[in-house]
Amino acid sequence: MINTPENDLFSPVVVGPYILKNRIIMAPLTRARSAESIATSMMQEYYTQRSSAGLIISEGLNISPQAVGYAFTPGLWTAEQIESWRPVTAAVHDKGGRIFAQLWHVGRVSHPDVQLGGELPVAPSAVRPDVEAFTAGGKKPALIPRALGIDELPGIVADFEQAAHNALVAGFDGVEIHAANGYLLDQFMRDGANRRTDAYGGVVENRIRLTLEVTKAVAAICNGGRTGLRISPISTANGLSDSNPEPVFKALVDQLNDIDLAYLHVVEGITRGPRIVKGGFNLDILRQRFKGIYMANNGYDRDLAFAARHNDTADLIAFGRPYIANPDLVTRLELNLSLNPLDNATAYGGGAAGYTDYPFLPANDPW
């Protein structure tokens with residue numbers, strides 16, 4: 001295929017210190033296949049199968065025991081966890097791929113059943129989210145979380161910072177900070193979850209403070225453009241809301257321009273839902289304000305991705321659920337071939353079925 005402005009989706013692109021082989025990104029996808037918070041050989045196979053992506057962003061990796069919100073999800077705070085990721089990153093590199101670790105603290109979207117010692121989940125304020133937590137015993141309603149003390153917040157920053165260091169030791173090419181989808185950093189930024197009256201609550205500048213502190217600390221570890229940040233400005237995922245999100249995220253993006261980021265990853269619309277949101281704001285404002293690489297996500301298909309590149313509304317396109325069922329998604333998009341259907345019943349938890357057994361295109365098929 002000859003590359004044109006409409007299909008340079010398949011052209012190499014410079015992101016931080018790396019030349020990615022295409023602009024197609026594998027979005028972070030929780031799959032709940034971890035064994036005792038470590039990466040397994042099955043997970044190694046899963047990521048290696050998808051190494052034709054320009055960049056793989058790993059599933060969320062819990063940065064501490066407190067950060068855990070879902071059963072069977074991996075972590076990155078112990079030596080054993082770090083070592084378990086080495087074969088994964090090495091295998092992706094052997095296939096010519098790049099992989100970032102997504103650093104994750106879920107905050108209030110958790111349950112004592114998955115917390116160390118059965119502790120309450122933490123949050124900016126004691127506001128219960130209207131969600132169900134995924135525990136080993138099934139889904140359970142979230143409880144009222146414990147509000148973090150201001151003296152605890154430097155520890156949250158330090159946990160992200162340490163996880164970034166651990167990611168590099170494990171062989172990841174960089175990291176993505178998860179500040180989207182109603183998790184801890186997103187909770188601090190939104191007035192629906194943040195009722196604080198101290199330096200981390202109230203006015204916009206205070207609510208974005210923790211996200212900026214984390215981002216600066218992590219970028220100092222994963223320097224040279226190896227830190228990404230994910231946001232979802234108008235999403236209501238995990239019961240989150242904000243009375244006026246536009247000034248929050250405009251202020252955040254303006255501050256991000258002073259940090260050495262690999263990219264800004266934006267979930268456009270409602271996570272896994274509609275891209276157009278009543279009462280939302282035009283996210284093109286953020287694209288125009290951010291001076292670095294802009295990664296777009298949510299509901300993209302081939303045509304929408306081509307349109308985004310043709311109109312220069314995004315530099316990189318992240319594909320989520322299509323990557324679950326299509327390990328060779330890049331080839332299928334480039335050749336405009338049909339995609340494997342997704343089996344929702346095997347999306348979370350279980351074994352190889354619906355994880356590593358989705359078919360590739362036949363090697364000798366002329367298409």
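Relevant structure appears above.
All residue numbers here refer to positions counted from 1 along the written sequence of the relevant chain. In keeping with the model being predicted, local features are shown solely for residues with a pLDDT of at least 70 and side-chain atom pairs are shown and tallied solely at 80 or more, while totals for entire chains, interfaces and linings include all residues. For side-chain calculations, the full set of non-hydrogen atoms in the structure is used, while hydrogens and water are omitted.

1. A few points about the overall build of the protein chain
Okay, so step 1: The secondary structure content of the protein chain amounts to 11 helices and 14 strands.
Okay, so step 2: Only the C-alpha atoms count toward the radius of gyration. The rule for a globule is 2.2 Å times the residue count to the power 0.38. Its C-alpha atoms give the protein chain a radius of gyration of 19 Å, near enough to 21 Å, the size a compact globule of 367 residues would have.
Okay, so step 3: The principal-axis extents of the C-alpha atoms in the protein chain amount to approximately 65 × 40 × 35 Å.
Okay, so step 4: Here's how the labels work: a residue is buried when its accessible area is under 20% of the maximum for its type, exposed when over 50%, partly exposed in between, all with a 1.4 Å probe on protein chains only. Put simply, the protein chain has 367 residues, and 58% of those count as buried.
Okay, so step 5: In what follows, a contact means two residues having at least one pair of non-hydrogen atoms within 4.5 Å. Pairs at least 24 residues apart make up 72% of the contacts formed inside the protein chain by residues separated by at least 6 positions.
Okay, so step 6: Working definition of accessibility: Shrake-Rupley area with a 1.4 Å probe, residue cover restricted to the visible protein chains. Total accessible area on the protein chain is roughly 14,200 Å²; 52% of this is exposed by carbon and sulfur atoms.
Okay, so step 7: Separation between the mean location of the 32 positive side-chain charges and that of the 39 negative ones in the protein chain comes to 3 Å. Helix and strand assignments follow DSSP, with helices taken as H or I runs no shorter than four residues and strands as E runs no shorter than two, numbered in order from the N terminus. Only four residue types enter the charge count, namely Lys and Arg as positive and Asp and Glu as negative; His and the chain termini do not. Taken as the charge location is NZ of Lys, CZ of Arg, CG of Asp or CD of Glu.

2. With respect to the packing of aromatic side chains
Okay, so step 1: Here a pair means two rings of Phe, Tyr or Trp (six-membered ring of Trp) with centres within 6.5 Å. Their orientation is stacked below 30 degrees between planes, edge-to-face above 60, and tilted elsewhere. A full pass over the atoms with the stated rule returns 11 aromatic pairs.
Okay, so step 2: Judged by centre distance (6.1 Å) and plane angle (55°), the ring pair of Tyr47 and Trp85 falls under tilted. Residue Tyr47 is found in helix α1 (residues 41-49), and its partner Trp85 is found in helix α2 (residues 79-94); the two are separated by 38 residues along the sequence. For the pair formed by Tyr47 and Trp85, the shared burial category is buried.

3. Considerations on the sheet that holds strand β5 (residues 99-104)
Okay, so step 1: The parallel closed barrel is built from 8 strands, whose spatial order is β3-β4-β5-β10-β11-β12-β13-β14. If you compare each strand with its neighbour and ignore which way they point, the axes differ by 25° on average.
Okay, so step 2: Pairing of β5 with strand β10 (residues 174-179) involves 4 bridges; the strand directions are parallel. Bridge pairing links Phe100 to Gly174 in β10. When DSSP finds at least two bridges between two strands, those strands are taken to pair. In this analysis an axis means a line fitted to C-alpha atoms, helices contributing only their contacting stretch, and an angle means the value between N-to-C directions, from 0 to 180 degrees.

4. Regarding the side chain of Asn298
Okay, so step 1: Along the chain, the position of Asn298 falls in the loop between β13 (294-297) and α9 (302-310).
Okay, so step 2: Asn298 sits in the buried class, given a relative accessible area of 6%.
Okay, so step 3: Here a polar contact is taken to be a pair of N or O atoms separated by no more than 3.5 Å, where protein atoms must pair a possible hydrogen donor with a possible acceptor and residues adjacent in sequence count only if both atoms sit in side chains. In terms of polar contacts, Asn298 uses its side chain to reach the backbone carbonyl oxygen of Glu268, at 2.7 Å.

5. Concerning the pattern of salt bridges
Okay, so step 1: Salt bridges, as used here, are contacts in which a Lys or Arg side-chain nitrogen is within 4 Å of a carboxyl oxygen on Asp or Glu. Under the defined criterion, the tally for this structure stands at 15 salt bridges.
Okay, so step 2: We note a salt bridge from Arg309 to Asp8, for which the minimum N-O separation is 2.9 Å. Here Asp8 lies in the segment before β1 (13-15) and Arg309 lies in helix α9, a separation of 301 residues in the sequence.
Okay, so step 3: Take Asp8: its relative accessible area is 14%, and that puts it in the buried class.
Okay, so step 4: One salt bridge in this structure joins Arg309 and Asp312, with 3.5 Å as the shortest N-O distance.
Okay, so step 5: Since its relative accessible area comes to 11%, Arg309 is described here as buried.

6. Quick word on the pairing of strand β4 (residues 55-62)
Looking down a regular strand, the side chains alternate between one sheet face and the other.
Okay, so step 1: For β4, the buried fraction is high: 8 of the 8 residues fall into the buried class.
Okay, so step 2: Two elements, strand β3 (residues 24-26) and β4, share 2 bridges in a ladder whose sense is parallel. Following the sheet pairing, Met26 is matched in β4 by Ile56.
Okay, so step 3: Orient the strands so they point away from the viewer; a crossover is then right-handed if the path from the first strand over the helix to the second runs clockwise. Chirality of the crossover, the property in question, places the unit of β4, α2 and β5 among those that are right-handed.

7. Details of the side chain of Arg190
Okay, so step 1: Positionally, Arg190 belongs in the loop between α4 (184-189) and α5 (204-207).
Okay, so step 2: Arg190 sits in the buried class, given a relative accessible area of 2%.
Okay, so step 3: With residues up to four places along the chain from it excluded, the contact list for Arg190 reads Arg207, Ser232, Pro233, Ile234, Ser235, Leu240, Ser241, Asp242 and Phe249.

8. Here we look at the packing of α1 against α2
Any two packed helices are characterised by the angle at which their axes cross and by the distance between the axes.
Okay, so step 1: Look at α1 against α2: their axes get within 9 Å of each other, and the N-to-C directions meet at 20°. Compared by their axis directions, α1 and α2 come out roughly parallel. Viewed along their axes, α1 and α2 form a crossing whose handedness is right-handed. Of the residues in α2, those touching α1 at Met43, Gln44, Tyr47 and Thr48 are Trp85, Pro87, Val88, Ala91 and Val92. Angle categories are assigned with fixed cut-offs, so that under 35 degrees is roughly parallel, over 145 is roughly antiparallel, 65 to 115 is roughly perpendicular, and the rest are oblique. Two helices cross in a left-handed way if the nearer one is turned anticlockwise from the farther one by less than a right angle. They cross in a right-handed way if the turn is clockwise.

9. Some details on the pairing of strand β11 (residues 227-231)
Okay, so step 1: Burial runs high along β11: 5 of the 5 residues are buried.
Okay, so step 2: In β11, alternate side chains face the same way, and those of Thr227, Leu229 and Ile231 on one face and Gly228 and Arg230 on the other are all buried.
Okay, so step 3: Of the strand pairs in this sheet, β10 and β11 are connected by 5 bridges, and their pairing is parallel. Its bridge partner lying in β11, Ala179 is registered against Ile231.
Okay, so step 4: Taking the sense of rotation as the criterion, the β-α-β connection linking β11, helix α7 (residues 245-256) and strand β12 (residues 263-267) turns out right-handed.

10. Here we look at α7
Okay, so step 1: Multiplying 1.5 Å by the residue count of a helix minus one yields the expected span of that helix. Along its 12 residues, α7 runs 16 Å from first to last C-alpha, staying within 8% of the 16 Å computed at 1.5 Å per residue.
Okay, so step 2: The complete set of buried residues in α7 reads Pro245, Val248, Phe249, Ala251, Leu252, Val253 and Leu256.

11. As for unusual backbone geometry
Okay, so step 1: Despite not being glycine, Asn238 has its phi angle at roughly 55°, a positive value.
Okay, so step 2: Summarising the element assignment, Asn238 is placed in the loop between β11 and α7.

12. So, helix α3 (residues 153-169)
Okay, so step 1: Relative to the 24 Å expected for 17 residues at 1.5 Å per residue, α3 spans 25 Å between its end C-alpha atoms, a close match to the ideal helical length.
Okay, so step 2: Looking only at α3, the buried set comprises Leu153, Ile156, Val157, Phe160, Ala163, Ala164, Asn166 and Ala167.
Okay, so step 3: Of the surrounding secondary structure, the elements contacted by the buried residues of α3 are α2, β5, β10, α4 and α6 (209-221).
Okay, so step 4: Residue Gly171 follows α3 closely and has a positive phi angle near 100°.

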